Amino acid sequence: QLDLCRILLVLKPRPMKRLVALMMCAVSLGAAAQLPDFVPTNGLVAWYPFNGNADDESLNGHDAVVEGAILADDRFGNPSSAYLFDGDDRIFPSNPETFPLAERTTSIWMKSNAGAQNGRELFGYGGGGYGQEYCGTSWILTYNNQGNSSAQDAFELQGHCNVSSTIAPLAANEFLNWHNIVVRTSALGTDMFIDGVLLSHDTIFI
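Residues numbered from 1 in each chain as written. Predicted model: local features only at pLDDT ≥ 70, side-chain atom pairs only at ≥ 80, totals over all residues. Heavy atoms only, no water.

A. How the structure looks around the nonpolar core. Leu-122, Trp-139, Leu-141, Phe-155, Ile-181 and Met-192 are the most contacted members of the largest nonpolar core, which totals 28 residues. Sorting the residues of this core by element identifies β2 (44-48), β5 (82-85), β7 (104-112), β8 (120-126), β9 (138-143), β10 (154-159), β12 (179-186) and β13 (189-194) as the ones contributing at least two each. If we ignore the near neighbours within four places in the chain, the residues touching Leu-141 are Ile-108, Arg-120, Glu-121, Leu-122, Phe-123, Phe-155, Glu-156, Leu-157, Ile-181 and Met-192. (Core = buried A, V, L, I, M, F, W, Y, C linked by side-chain atoms within 4.5 Å. Buried < 20%, exposed > 50% of the residue type's maximum accessible area, 1.4 Å probe, protein only. Helix = DSSP H or I, 4+ residues; strand = E, 2+ residues; numbered from the N terminus. Contact = heavy atoms within 4.5 Å.)

Here it is as structure tokens:
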């Protein structure tokens with residue numbers, strides 16, 4: 001089982017030479033005024049605080065659909081402020097085709113309630129199908145991926161068809177605690193931060 005809380009999807013401003021595409025993700029001043037101070041507004045695409053639902057509170061219209069997951073306590077003990085997954089559940093946003101395909105930053109909070117013996121997929125981004133023509137067009141974030149020995153006791157960011165991957169180690173028992181995972185992809189490569197610490201960098205854009 002898995003608790004997942006506070007999904008955040010952000011585009012960070014970068015110099016133009018780093019292939020930024022922010023114009024389609026502008027946030028209105030009205031939307032920014034309603035966001036907490038800790039949520040960056042420059043380039044914000046979607047924000048899911050899970051306040052009793054899976055609505056996008058960035059006001060950009062990406063309210064999410066919940067399939068099977070149930071509301072649960074978040075990392076502060078607040079009721080109905082996170083979602084519990086049993087391994088077959090998922091949450092996915094509406095209008096994902098408008099999400100950026102170039103530089104982007106995603107952030108989630110998670111913890112596992114049942115250890116990580118078999119690993120789990122936490123988050124997926126991009127892609128349009130399962131055929132070979134889609135290889136490398138998306139990535140998934142997993143933890144303790146038993147199918148990849150080097151990814152055991154670690155978070156792994158893996159490109160579709162395993163085109164490329166980067167790994168951030170974490171002690172096995174640590175998956176039972178809350179952690180913040182931030183993935184940043186840009187023209188300079190792919191970074192993975194765990195609890196604010198850069199634990200993985202790859203020069204490849206995954």
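Resuming the write-up.
B. Structural view of the pattern of salt bridges. Per the stated rule, a full pass over the model turns up two salt bridges. A salt bridge links Arg-90 to Glu-67; the nearest nitrogen and oxygen atoms lie 2.9 Å apart. Residue Arg-90 is located in strand β6 (residues 90-93), and its partner Glu-67 is located in strand β3 (residues 64-67); the two are separated by 23 residues in the primary sequence. One salt bridge in this structure joins Asp-191 and Arg-184, with 2.7 Å as the shortest N-O distance. (Salt bridge = Lys/Arg side-chain N within 4 Å of Asp/Glu carboxyl O.)

C. The side chain of Asp-74, seen in detail. Of note, Asp-74 is situated in the loop between β4 (70-72) and β5. Relative accessible area serves as the criterion here: at 5%, Asp-74 is assigned to the buried category. Separated by 2.9 Å, the side chain of Asp-74 and the backbone nitrogen of Asn-78 make a polar contact. (Polar contact = N/O pair within 3.5 Å; in protein donor to acceptor, adjacent residues only side chain to side chain.)

D. The arrangement of the sheet that holds strand β11 (residues 165-169) in detail. Ordered in space as β8-β9-β10-β11, the four strands form an open sheet in which the pairing is antiparallel. Each edge of the open sheet carries a strand with a single partner, namely β8 and β11. Neighbour-to-neighbour, the strand axes of this sheet turn through a mean angle of 15 degrees, independent of strand direction. Direction of pairing for β8 relative to β9: antiparallel, over a ladder of six bridges. (Pairing = 2+ DSSP bridges. Axes fitted to C-alpha atoms, helices over the stretch in contact; angles between N-to-C directions.)

It is worth stressing that arrangement in space is one thing and function is another; only the former is reported here.
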